[in-house]
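In case you want the letters, here they are:
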Amino acid sequence: AKIVDIINKAETIHSLTKEEIVDLLRCDEYDQQLFLAADRVRSQYVGDQVHLRGLIEFSNICQQNCFYCGLRKENTKVKRYKLTPDTIIDLANKAKSYNYKTVVLQSGESQSYTVADMQYIIKSIKALGLAITLSLGEKSRDEYQIYKEAGADRYLLRIETTNPKIYKELHPGMSFENRLRCLRDLKDLGYELGTGCLVGLPNQTMECLADDILFFKSLDADMIGLGPFIPNADTPLAQERGGTFNTSIKVMAITRLLLPDANIPATTAMETLDKNGRIIALQSGANVVMPNVTEGEYRKMYMLYPGKICVNDTPKHCVGCITGKIQGIGRHISTEFGFRPKQKINK
Ligand code: SAM
Ligand code: SF4
Ligand code: FES
């Protein structure tokens, strides 16, 4: 089929075959039409508001060894930190003062906080009237349940890649099956579920990316976060090329066409590759931004990949910066929690 027909089909029925997605990803001639279609679907299903989620990177301690990530356990160059529970709650309070309605609690995967610590943190932040998103990696179903009951609303756990062979190569000591188990448990427990992938991993093809997009759809993910893989010199993938900005935006735009009412962030990694990256993303299907509210030296110590934006800026500076940019393209900062709209489409 012609590329424009594929774009029209996706915009109309929010469904494509794997072959059609691969055709879209391979051909760059109609990218502008693709981005405009994704922008229209975004506007129609989730509106012109942009939801800001305050990101608290509360610890860089990690027991895993993901090949792409600067926080991997075997990277001895990282100075490890963990914020105290009361410091984390204080950052959430500040996020509230910047009018963020959600905080995202993100960390490396570790046991360095007890379940009781996490319950205390979640309950205290919940009492501030904020929505809470967790991004703590793989846990047992019981632990996910305890945090849900403590008040967590959403969970982010990217599948990273749906290709089992690539997954295995990049995640020593981890299993694709357990990743899927976590995603199923989270959904089953009633979390709003976020997943996503890295774009441009070694040996990843356009077919792999098409499978990733179809996976988000089959999971009926509520949130999909994706961005380019950016090689980090202190990891085994130091010599790799990494993903491109354009392919990342295309994967995101197609994801919007197929999951019209999902929450999709314009990610930090996108802005790392293009200085206007988040705005371009917001005009190509995205409706969420996650400004960093981590303070001081800790920002620099949560270094997943080189060139991460905002590491020398304060939370206060970032809120002004991103608000100005969003208003500059005629969009508004949402004053709501920004859950996925209830009506489920195309079932
Ligand atoms: N430890 C938790 C986990 O893995 O789900 C949460 C924190 S982890 C740092 C968050 C995300 O960072 C991962 O899902 C991964 O996609 C992304 N990431 C890690 N290294 C990256 C890199 N080199 N380039 C781009 N994104 C990266
Ligand atoms: Fe740890 Fe997450 Fe980085 Fe993997 S991606 S090394 S689990 S922080
Ligand atoms: Fe941090 Fe622009 S959002 S400096």
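Provided above is the structure to which this section pertains.
If you're wondering where the values come from, they're calculated on a predicted model, not measured in any experiment. (Residues numbered from 1 in each chain as written. Chains lettered and ligands numbered in written order. Predicted model: local features only at pLDDT ≥ 70, side-chain atom pairs only at ≥ 80, totals over all residues. Heavy atoms only, no water.)

## Observations regarding the overall build of the chain
The following threshold applies: A run of DSSP states H or I qualifies as a helix once it reaches four residues; a run of E qualifies as a strand once it reaches two. Both are numbered from the N-terminal end. Each residue is placed in one exposure class: buried if its accessible area under a 1.4 Å probe, protein chains only, is under 20% of its type's maximum, exposed if it is over 50%, and partly exposed if it falls in between. The Shrake-Rupley method, run with a 1.4 Å probe sphere, supplies the accessible areas, and residue values consider only the shown protein chains as cover.
In terms of helices and strands, the chain carries 14 helices and 11 strands. Here the C-alpha coordinates of the chain stretch approximately 55 × 40 × 40 Å along the principal axes. Expressed as a percentage of its 347 residues, the buried residues of the chain come to 58%. Summed over all atoms, the accessible surface of the chain reaches about 14200 Å², with 51% contributed by carbon and sulfur.

## Overview of the site of ligand 2
To keep things clear, this is the line we draw: Definition of nearness: a residue and a molecule or strand are near each other if at least one heavy atom of the residue lies within 4 Å of the molecule or strand. Under this grouping Gly is polar, as are all residues other than the nonpolar Ala, Val, Leu, Ile, Met, Phe, Trp, Tyr, Cys and Pro and the charged Asp, Glu, Lys and Arg.
Around ligand 2 sit C62, Q64, C66, Y68, C69, R72 and G108, and that is every residue in its neighbourhood. Across the shell around ligand 2, the residue classes break down as 4 nonpolar, 2 polar and 1 charged.

## What about the nonpolar core?
Worth spelling out the cut-off: Note on terminology: a nonpolar core comprises buried Ala, Val, Leu, Ile, Met, Phe, Trp, Tyr and Cys residues joined through side-chain atoms within 4.5 Å. Two residues qualify as a contact provided that any one of their heavy atoms is within 4.5 Å of a heavy atom in the partner residue.
Ranked by internal contacts, the top residues of the largest apolar core, which has 103 residues, are I125 and L134. The biggest single contributor to this core is helix α10 (residues 245–258), with 8 residues. Beyond its immediate chain neighbours, meaning those up to four positions away, I125 contacts I88, I89, A92, V103, L105, L130 and I132.

## Looking at the site of ligand 1
For clarity, the threshold we go by: N or O atoms within 3.5 Å of each other form a polar contact, as long as, within protein, one can give a hydrogen and the other can take it, and as long as residues adjacent in sequence are counted only when both atoms are side-chain atoms.
In the region of ligand 1, 18 residues are neighbours, and Y68, S107, R158, E160 and I230 sit closest. With respect to ligand 1, the backbone of Y68 contributes an N or O atom lying 2.9 Å from a nitrogen atom. Take R158: an N or O atom from its side chain is 2.8 Å from an oxygen atom of ligand 1.

## Focus: helix α5 (residues 115–126)
This is how it is decided: Any helix carries an expected span of 1.5 Å times its number of residues minus one. Here the arc refers to the set of directions running from the helix axis out to each C-beta atom.
Taking 1.5 Å per residue, 12 residues should reach 16 Å; α5 reaches 16 Å between its end C-alpha atoms and fits that length. Inspection of α5 places M118, I121, I122 and I125 among the buried residues, and these make up the whole buried set. One face of α5 carries all of its buried residues, which in axial projection span an arc of 95°. Those residues of α5 hidden inside the fold are in contact with β1 (49–59), α4 (85–97), β2 (102–107), β3 (131–135) and α6 (141–150).

## Brief notes about the packing of aromatic side chains
Using the following cut-off: Aromatic rings from Phe, Tyr and Trp, taking only the six-membered ring of Trp, are treated as a pair when their centres fall within 6.5 Å; an angle between ring planes under 30 degrees marks them as stacked, one over 60 as edge-to-face, and anything in between as tilted.
The tally for this structure, following the rule as stated, stands at 8 aromatic pairs. Here the aromatic rings of Y155 and Y191 are separated by 5.7 Å at their centres, their planes lie at 85°, and the arrangement is edge-to-face. You can see Y155 sitting in strand β4 (residues 154–156) and its partner Y191 sitting in the loop between α8 (176–188) and β5 (192–195), a full 36 residues away along the chain. Residue classification places Y155 among the buried residues on the basis of a relative accessible area of 0%. Ring plane angle 70° and centroid distance 6.5 Å describe the contact between F215 and F216, whose orientation is recorded as edge-to-face.

## Digging into the packing of helix α2 (residues 18–26) against helix α9 (residues 206–219)
In plain terms, the rule: Between N-to-C directions, angles span 0 to 180 degrees; the directions come from axes that are lines fitted to C-alpha atoms, helices contributing only their stretch in contact. In these notes the angle categories are as follows: under 35 degrees is roughly parallel, over 145 is roughly antiparallel, 65 to 115 is roughly perpendicular, and the rest is oblique. In this scheme the handedness of a crossing depends on how the near helix is turned from the far one: anticlockwise by less than a right angle means left-handed, clockwise means right-handed.
Contact geometry of α2 with α9 gives a least axis separation of 9 Å together with a crossing angle of 125°. Judged by the angle between their axes, α2 and α9 are oblique. Both α2 and α9 take part in a crossing whose hand is right-handed. Between α2 and α9, the contacting residues are K18, I21, V22, L25 and R26 on the first element and M206, E207, L209, A210, D211, I213 and L214 on the second. Residues of the contact of α2 with α9, tallied by class, amount to 8 nonpolar, no polar and 4 charged.

## Points about the environment of G70
Locating G70 in the fold gives a position in the loop between β1 and α4. Here G70 falls in the buried class, since its relative accessible area comes to 0%. Taking the C-alpha atoms as reference points, G70 and P306, separated by 236 residues in sequence, lie 8.7 Å from one another. Not counting residues up to four positions away in its chain, the partners in contact with G70 are N75, V78, N232, T235, M303 and L304.

## Details of the pairing of β1
Condition: Think of it this way: DSSP has to see at least two bridges between two strands before they count as a pair.
Judged by how many residues are buried, β1 sits mostly within the fold: 10 of 11 residues are covered. Alignment of β1 against strand β11 (residues 332–333), held across 2 bridges, turns out to be parallel. Of the residues in β11, the one forming a bridge with V50 is I333. Both β1 and strand β10 (residues 288–289) contribute to a ladder of 2 bridges, which runs parallel. Bridging from a neighbouring strand, H51 pairs with V288 of β10.

## Description of the side chain of T294
Relative to the helices and strands, T294 resides in the loop between β10 and α13 (298–301). Residue class for T294 comes out buried when judged on its relative accessible area of 0%. Beyond its immediate sequence surroundings of up to four residues, T294 is in contact with L55, I56, E57, L91, R299 and P315.

## Some details on the pairing of β2
Under the convention used in this document: Looking down the strands as they point away from the viewer, one classifies a crossover as right-handed if the path from the first strand across the helix to the second runs clockwise.
The buried fraction of β2 amounts to 6 of the 6 residues, a majority that puts the element mostly inside the structure. In β2, alternate side chains face the same way, and those of T102, V104 and Q106 on one face and V103, L105 and S107 on the other are all buried. Judged from the 6 bridges that link them, β1 and β2 form a sheet pairing that is parallel. In the sheet register, R53 faces β2, and the bridge partner there is T102. With respect to chirality, the unit in which β1 leads through α4 into the neighbouring parallel β2 is right-handed. Where β2 meets β3, 5 bridges bridge the pair, whose relative direction is parallel. The partner of L105 across the bridge, within β3, is L134. After leaving β2, the chain enters α5 and then returns to the sheet as β3, a path that is right-handed.

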